[in-house]
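Coordinate analysis (summary)
Letter by letter, the chains look like this.
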Amino acid sequence: MNASRIALVTGANQGLGRALVEGLAARLNHDDLVLLTGRDSRRVADAAREVAELPGTRARVEGRVLDVTDTDAVARLAEDLRARHGGVDVVLSNAVARVLPEESQAERADEFIDVSNTATHAILRSFTPVLRPGGRLLVVASSLGTLGHLDPRLHPLFDGASLDQVEYAVESWRGAVHAGTAHEAGWPVWLNVPSKVAQVAAVRGVAAERRERDLAAGILLAAVCPGMVDTATSRPWFSDYSQARSPAQAAKAVLDLVLADQVDPTLYGELVRFGEVLPWHDGAPLVEQDRMVRP
């Protein structure tokens, strides 16, 4: 990577995002800059100040207000970092909308899809062009992001798809949710499953176009699963938390991948968990969680 690095973390006020910022700030150098982003200006400023004051912090930490669902704002930030710094070295796309089992999935669909998927598409489109040599762009997804978690009827929408095709599939899913036709088309009720599959598919689509030149430049583009993380967002969905990691523990595995000296070509464009690839076609539809939620 470059001598002075620029790192950006979205959804960084709390939970895993906050832990990623803290880990980067502790492991990068004094002349590096970590940008902590979120939608609420007060929370962003408070979080940036708190991380900057931690005893182990080495890098500079600054807050940036960013609504990741605003594609124009994402593009402006990418261009600003290109103009000011010649690009960016680390981008961790982590924003997620919290939805509870007792809430209507259809009523929350727009917010959830915008934060998880529209934002992912915007980050990929705006920040891959400004990655500096040796850069890393990781989309925080989930092991639920493998294709097998969807009904086989839906596989052609995402398997081998370009970013534009993934975006079209996501908007088709959104429309079906609102029209009340999603279930008969094979879409799960639980928003999280198609959302995560689409995130991974989007990464795969962009990576397929960039692989050769990115690997030549030492750039890693991938989706990453941090494992089960004990947070307010995930706790309502699973009964067994015996294997859950704290946000700090989960962040360490992600940052080990970010800060590795060399890019492992086998990880490029894949969904990676603890340094290992999760096969794209693995998984099976989740019946239990679909029964838990309100349509």
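Scroll up for the structure.
Now for a look at the structure at hand. Here the residue index of a chain counts from 1 through its sequence in written order. Note on the predicted model: pLDDT of at least 70 is required for a residue's local features to be given, and 80 or more for side-chain atom pairs to be given and counted; whole-chain, interface and lining totals, by contrast, use all residues. Side-chain numbers here rest on the full set of heavy atoms in the structure, without hydrogens or water.

Overview of the side chain of Arg174
Helix and strand labels come from DSSP, where a helix needs a run of H or I of at least four residues and a strand needs a run of E of at least two; each type is numbered from the N terminus. Mapped onto the elements of the fold, Arg174 is located in helix H6 (residues 163-179). In this structure the side chain of Arg174 is engaged in a polar contact, spanning 2.8 Å, whose partner is the side chain of Asp110. A distance of 2.9 Å separates a polar atom in the side chain of Arg174 from a polar atom in the side chain of Glu171. Whether two residues are in contact is decided by their heavy atoms, any of which lying within 4.5 Å being enough. Sequence-distant contacts of Arg174, that is, excluding residues within four places in its chain, are made with Asp110, Ile113, Asp114 and Thr118. In the analysis that follows, any N or O atom pair within 3.5 Å is treated as a polar contact, provided that within protein one partner can donate a hydrogen and the other can accept it, and provided that, for residues neighboring in sequence, both atoms belong to side chains.

So, H6
Each α-helix turn comprises 3.6 residues. Residues three or four places apart therefore point the same way. To estimate the expected span of a helix, count its residues, drop one, and scale the result by 1.5 Å. With 17 residues, H6 ought to run about 24 Å at 1.5 Å a step, and its terminal C-alpha atoms sit 24 Å apart, in line with that. Burial classification: accessible surface area is computed with a 1.4 Å probe over protein chains only, and a residue below 20% of its type maximum counts as buried, one above 50% as exposed, and the rest as partly exposed. Of the residues making up H6, those classed as buried are Leu163, Val166, Ala169, Val170, Trp173, Arg174, Ala176 and Val177. End-on view of H6: buried residues confined to an arc of 165°, all on one side of the axis. In H6, the exposed positions angled more than 90 degrees off the buried face are occupied by Asp164, Tyr168 and Ala179. Those residues of H6 that are buried lie in contact with helix H4 (105-127), helix H5 (155-158), helix H7 (182-185) and helix H8 (192-216). Once H6 finishes, Gly180 follows within two positions and takes phi at roughly 80°, a positive value. Within this analysis, the arc is defined by the directions that extend from the helix axis to the C-beta atoms.

Points about helix H9 (residues 247-258)
Over its 12 residues, H9 runs 16 Å from end to end, which matches the ideal 16 Å to within 8%, given 1.5 Å per residue. Along H9, the residues that are buried comprise Pro247, Ala250, Ala251, Val254, Leu255, Leu257 and Val258. Viewed end-on, H9 has its buried residues packed into an arc of 150°, placing them on one side of the element. Of the surrounding secondary structure, the elements contacted by the buried residues of H9 are helix H1 (15-27), strand E4 (88-93), strand E5 (131-140), strand E6 (220-225) and strand E7 (271-273).

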